[in-house]
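Single-letter residue listing:
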Amino acid sequence: MVYLILLVYLVIRVYPYVFSPVPLGYDPGLYLYLFRTYSHLAPFAYTSLPTWIQEVYPPLLPFVVRFTSFVVTPEQILIPLVLLASLALFGSLYYLMNSLFNKKSALVALSLLSVSMIQYRFYWYYYVKNIFAASLLLCLVVLLKKKSRLAWIVAPALILLHQPTAILMVILLLVH
């Protein structure tokens, strides 16, 4: 059943690219600029970038993409990156719901995610940071519940990825 839901989830996300190799929304152009800019920098020289780039785009995602630029170009990573972000959200939601409740609840949550217009809009507008950060936040809930030391890696990664989601993480930590 999980595979059927995953198939529907992926078909809905791959279909727009069947007729167009260009990512959707306007954010892909900004990300492409960012990835190209980072590819010309020394690994930790992101502080030399213009202030607006530093404020809008925390360093984690461009830094990770920089290391893939030896294999693929920034243009080639745009579509796989948003699909990977969507798969990460799918997997982390399953992990959370299965850990907190049971497999049936996880299947219901995945079904709702697959047809969610709000989540699809995040995908459509190429909000990659937001989708990856939401995935990390969902995983963090389970890691905190299990008192795993991996939470000490996930929390800083979340902060370096997307600050608004990090605010939710701080609230989660205070409540926890």
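Residues numbered from 1 in each chain as written. Predicted model: local features only at pLDDT ≥ 70, side-chain atom pairs only at ≥ 80, totals over all residues. Heavy atoms only, no water.

1. Details of the overall build of the protein
Helices and strands together make up the secondary structure of the protein, namely 10 helices and zero strands. Listing each helix as α and each strand as β along the protein from the N terminus yields α-α-α-α-α-α-α-α-α-α. Over its C-alpha atoms the protein spans a radius of gyration of 17 Å, differing by no more than 12% from the 16 Å that the globule rule assigns to 176 residues. Overall, the C-alpha framework of the protein stretches about 45 × 45 × 25 Å when taken along its three principal axes. Looking at the protein residue by residue over its 176 residues, the buried ones come to 41%. For the protein, restricting intrachain contacts to residue pairs at least 6 apart in sequence, the fraction spanning at least 24 positions comes to 72%. On the protein, roughly 10100 Å² of surface is accessible, and the fraction owed to carbon and sulfur atoms is 74%. (Helix = DSSP H or I, 4+ residues; strand = E, 2+ residues; numbered from the N terminus. Rg over C-alpha atoms; globule rule 2.2 N^0.38 Å. Buried < 20%, exposed > 50% of the residue type's maximum accessible area, 1.4 Å probe, protein only. Contact = heavy atoms within 4.5 Å. Areas by Shrake-Rupley, 256 points an atom, 1.4 Å probe, with all protein chains shown as cover.)

2. Some points on empty space enclosed by the protein
Within the structure shown, the criterion is met by one cavity of 30 Å³ or more. Of the voids in this model, the largest cavity is the one considered here, and its volume is about 40 Å³. Considering the residues around the largest cavity, the lining is formed by F35, S39, V65, R66, T68, S69, V72, T73, P74 and I77. Where the lining of the largest cavity is concerned, the elements lending two or more residues are α2 (27–39), α4 (60–68) and α5 (74–100). The dominant element in the lining of the largest cavity, judged by the number of residues it contributes, is α4, at three residues. Tallied by class, residues from the lining of the largest cavity come to five nonpolar, four polar and one charged. (1 Å grid on protein atoms, 1.4 Å probe; cavity = no way out; pocket = protein on both sides within 12 Å on 5 of 7 lines; lining within 4 Å. Points joined across faces, edges and corners; volume = space filled by probe spheres on them. Nonpolar A, V, L, I, M, F, W, Y, C, P; charged D, E, K, R; others polar.)

3. Side note on the packing of aromatic side chains
Tallied over the entire structure, the rule returns 10 aromatic pairs. On the numbers, 6.3 Å between centres and 75 degrees between planes, the contact of Y17 with Y123 is edge-to-face. Note that Y17 is positioned in helix α1 (residues 2–18) and Y123 in helix α7 (residues 117–124), a separation of 106 residues in sequence. Judged on exposure class, the residue Y17 and its partner Y123 are both buried. One aromatic cluster is present, formed by Y31, F35, Y57 and Y126 through successive ring pairs. (Phe/Tyr/Trp six-rings, centres within 6.5 Å; stacked < 30°, edge-to-face > 60°.)

4. Comments concerning a nonpolar patch on the surface
A surface patch of nonpolar side chains, about 550 Å² in accessible area, is lined by M1, L4, L7, V8, V11 and I12. Within the secondary structure, V8 is located in helix α1. (Patch = residues over 30% accessible without salt bridge, like charges linked within 9 Å, V, L, I, M, F, W, Y side chains within 5 Å. Salt bridge = Lys/Arg side-chain N within 4 Å of Asp/Glu carboxyl O.)

5. Some points on the environment of V170
With respect to the helices and strands, the residue V170 is situated in helix α10 (residues 163–175). Between the C-alpha atoms of V170 and L136, which are 34 residues apart in sequence, the distance is 13 Å.

6. Section: the nonpolar core
Y31, F35, L61, L81 and V128 are the most contacted members of the largest nonpolar core, which has 49 residues in total. Elements represented by at least two residues in this core include exactly α1, α2, α4, α5, α6 (103–114), α7, α8 (128–145) and α9 (151–161). Considering every element that reaches this core, the biggest residue donor is α5, with 12 residues. The residues contacting F35, other than those within four sequence positions of it, are L61, P62, V65, P74, I77, L78 and L81. (Core = buried A, V, L, I, M, F, W, Y, C linked by side-chain atoms within 4.5 Å.)

7. Quick notes on α9
Three or more residues of α9 are buried, namely A151, V154, A155, A157, L158 and L161. End-on, the buried residues of α9 take up no more than an arc of 165 degrees, which puts them together on one face. In α9, the exposed residues that point more than 90 degrees away from the buried face are W152 and I153. For α9, the secondary structure elements touched by its buried residues are α4, α8 and α10. (Arc of directions from axis to C-beta.)

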